[in-house]
Amino acid sequence: MLYHAYELQRAWLSGASALASMGAEALSNPYLPVGYMGFGQVGASALEVFAHAAAPRGKPAFGIDFVEVAGEPCAVEEATVVNRPFGDLKRFTREGLPEDVPKLLIVAPMSGHYATLLRGTVRRMVESCEVYVTDWADAKTVPLSEGRFDLDDYIDYLIEFLEHIGPQKNGLGAHMMAVCQPSVPALAATAIMGAQEHPCRPATLTMMGGPIDTRESPTTVNDVAMDRPIEWFRNTVIATVPMQHRGAGRRVYPGFLQLAGFMSMNLGQHILSHYEMFKHLTVGDEDSAQATKDFYDEYRSVCDMTAEFYLQTVEEVFQEHSLAKGTFTHRGEPVDLSAIRDTALLAIEGERDDISGIGQTKAALTLATGLAKSKKQYLLAEGAGHYGIFNGSRWRTKIAPAAEAFMARHGKTKA
């Protein structure tokens, strides 16, 4: 019933958004006298804000046509190189990129948003790397016939993607960068491949704002997971996909619930952002208003997660802390983090991160007991919140250069 109620609300809001958009256009029409009355521009701005907030959203496109390198625009080519039911592997290359540049796998979170949330991450890294991105599928679009997808499958996908990218010319595997939640499966995959001495194990692993050990500086997100038993999540937030979708009958954690949770955490800030957008529109500052629109177009574009992946993540990562405690398993086999012996690790945290607290990602450096200290590095991004770790000016000018230097330093030899 939860999903059906949401679909009814979405249908109503879609119609209301269309009517509000028509009203905004009418009040802004220079041929209509009402537009010249005192309330015309104010009314049009208010309706435009509502229309934008209520509009339905699908999967956004990356839309990276070019990047600027040394002051010159360089065309970017996007291609899907691996198709899998629950996620594809995309590749981004730019014009003029040397053949011997590092290959970087950016692991996008499967946490309610599409991989396009990392558009700024990809745009910056494609300046210096051949970039690959995990493009996870919306679970409601995957037919039941494709089977289940859980944390074990996620790890298998990462290993498969690294195998597809293959070893680089220097004999090392690709570099890997995990943004937020996938730091856990990325670290586990690195340990599994390390134990096997897999030829495609990553040369470096950069973890950004990841919940490796959520006992360190717990946040509101961590508290919610700890305050309720796993059965509460199973019985309360898991829904069945309605018949109108390709994944009809699949049990999922709906993306709209994840979005509602994130919005409620900083509700005052979101209200203020929309009020600022309203003020920009009333004075004709379209550029500033568009910047807010662009952010929320991406932020409100959400997708569903399979129930088994979501529940396993909540239990293993946020409740049992199994990776940090050394009890995490993959396909029934223990994952030994001490098996990471030649993959250099970089842990990046944001000073103002309200999703993954300070110390949660850094814990990976302590847990990798088989790795030399010289292959471990920690970066605390001053003033950065969770989103600012991988997008925005701090990311472009401070964090990304540090990650590039780390990959260059540890991408030459395995020893």
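Each value, and the rule that gives it
- Residues numbered from 1 in each chain as written.
- Predicted model: local features only at pLDDT ≥ 70, side-chain atom pairs only at ≥ 80, totals over all residues.
- Heavy atoms only, no water.
- Buried < 20%, exposed > 50% of the residue type's maximum accessible area, 1.4 Å probe, protein only.
- Helix = DSSP H or I, 4+ residues; strand = E, 2+ residues; numbered from the N terminus.
- Pairing = 2+ DSSP bridges.
- Right-handed = clockwise from strand over helix to strand, strands pointing away.
- Phe/Tyr/Trp six-rings, centres within 6.5 Å; stacked < 30°, edge-to-face > 60°.
- Lys NZ or Arg CZ within 6 Å of the ring centre and 35° of its normal.
- Contact = heavy atoms within 4.5 Å.
- Expected span 1.5 Å × (residues − 1).
- Polar contact = N/O pair within 3.5 Å; in protein donor to acceptor, adjacent residues only side chain to side chain.
- Salt bridge = Lys/Arg side-chain N within 4 Å of Asp/Glu carboxyl O.

1. Details of the pairing of strand 4 (residues 103-107)
Alright, step 1. Across the five residues of strand 4, four count as buried, placing the element largely inside the fold.
Alright, step 2. Direction of pairing for strand 4 relative to strand 5 (residues 130-136): parallel, over a ladder of four bridges. Bridge pairing links Ile106 to Val133 in strand 5.
Alright, step 3. Remark: the strand 4/helix 3 (residues 119-125)/strand 5 crossover connection has right-handed handedness.
Alright, step 4. The pairing of strand 4 with strand 6 (residues 175-179) spans four bridges and is classified as parallel. The partner of Leu105 across the bridge, within strand 6, is Met176.

2. Comments concerning the packing of aromatic side chains
Alright, step 1. Evaluated as defined, the whole model comprises 15 aromatic pairs.
Alright, step 2. Both rings, one in Phe149 and one in Tyr154, keep their centres 6.4 Å apart while their planes meet at 55°; by these two values the pair is tilted. Side by side, Phe149 and Tyr154 carry an identical accessibility label, which is buried.
Alright, step 3. Between the aromatic rings of Trp232 and Phe233, the centroid separation amounts to 5.0 Å while the plane-to-plane angle is 85°, which identifies the pairing as edge-to-face.
Alright, step 4. Taking relative accessible area as the criterion, Phe233 reaches 4% and is therefore assigned buried.
Alright, step 5. Site record: aromatic cluster; members linked through ring pairs are Phe86, Trp136, Phe149, Tyr154, Tyr157, Phe161 and Phe309.
Alright, step 6. The lysine or arginine in question, Arg228, covers the ring of Trp232, its NZ or CZ lying 4.5 Å from the ring centre.

3. Digging into the environment of Ala115
Alright, step 1. The topology assignment puts Ala115 in the loop between strand 4 and helix 3.
Alright, step 2. With a relative accessible area of 3%, Ala115 lands in the buried category.
Alright, step 3. With 22 residues separating them in the primary sequence, Ala115 and Ala137 have C-alpha atoms 9.2 Å apart.
Alright, step 4. With residues near it in sequence (within four places) discarded, Ala115 still touches Phe62, Ala108, Val133, Thr134 and Asp135.

4. Comments concerning helix 4 (residues 151-165)
Alright, step 1. For helix 4, with 15 residues, the first-to-last C-alpha span of 21 Å sits near the 21 Å given by 1.5 Å per residue.
Alright, step 2. Counting buried positions along helix 4 yields eleven of 15 residues, so the element is predominantly enclosed.
Alright, step 3. Inspection of helix 4 places Leu151, Asp152, Asp153, Tyr154, Ile155, Tyr157, Leu158, Ile159, Phe161, Leu162 and Ile165 among the buried residues, and these make up the whole buried set.
Alright, step 4. With a side-chain oxygen lying 3.1 Å from the backbone nitrogen of Asp152, the N-terminal cap of helix 4 falls on Asp150.

5. A short note on the pattern of salt bridges
Alright, step 1. Evaluated as defined, the whole model comprises twelve salt bridges.
Alright, step 2. A salt bridge links Asp342 to Arg201, with the shortest nitrogen-to-oxygen separation between them at 2.8 Å. Within this pair, whereas Asp342 is found in the loop between strand 12 (333-334) and strand 13 (344-350), its partner Arg201 is found in the loop between helix 5 (183-195) and strand 7 (204-208), the two being separated by 141 residues in sequence. Across the pair, Arg201 and Asp342 agree in class, each one buried.
Alright, step 3. The network of salt bridges with common partners includes Arg124, Glu127 and Glu404.

6. A few points about the pairing of strand 2 (residues 72-82)
Alright, step 1. Note: strand 1 (residues 66-69) against strand 2, four bridges, orientation antiparallel. Its bridge partner lying in strand 2, Val67 is registered against Cys74.
Alright, step 2. Bridging between strand 2 and strand 3 (residues 87-94) involves six bridges; their strand directions are antiparallel. Looking at the pairing, Glu78 lines up with Phe92 of strand 3.
Alright, step 3. The turn joining strand 2 and strand 3, which pair antiparallel and follow one another in sequence, is formed by four residues.

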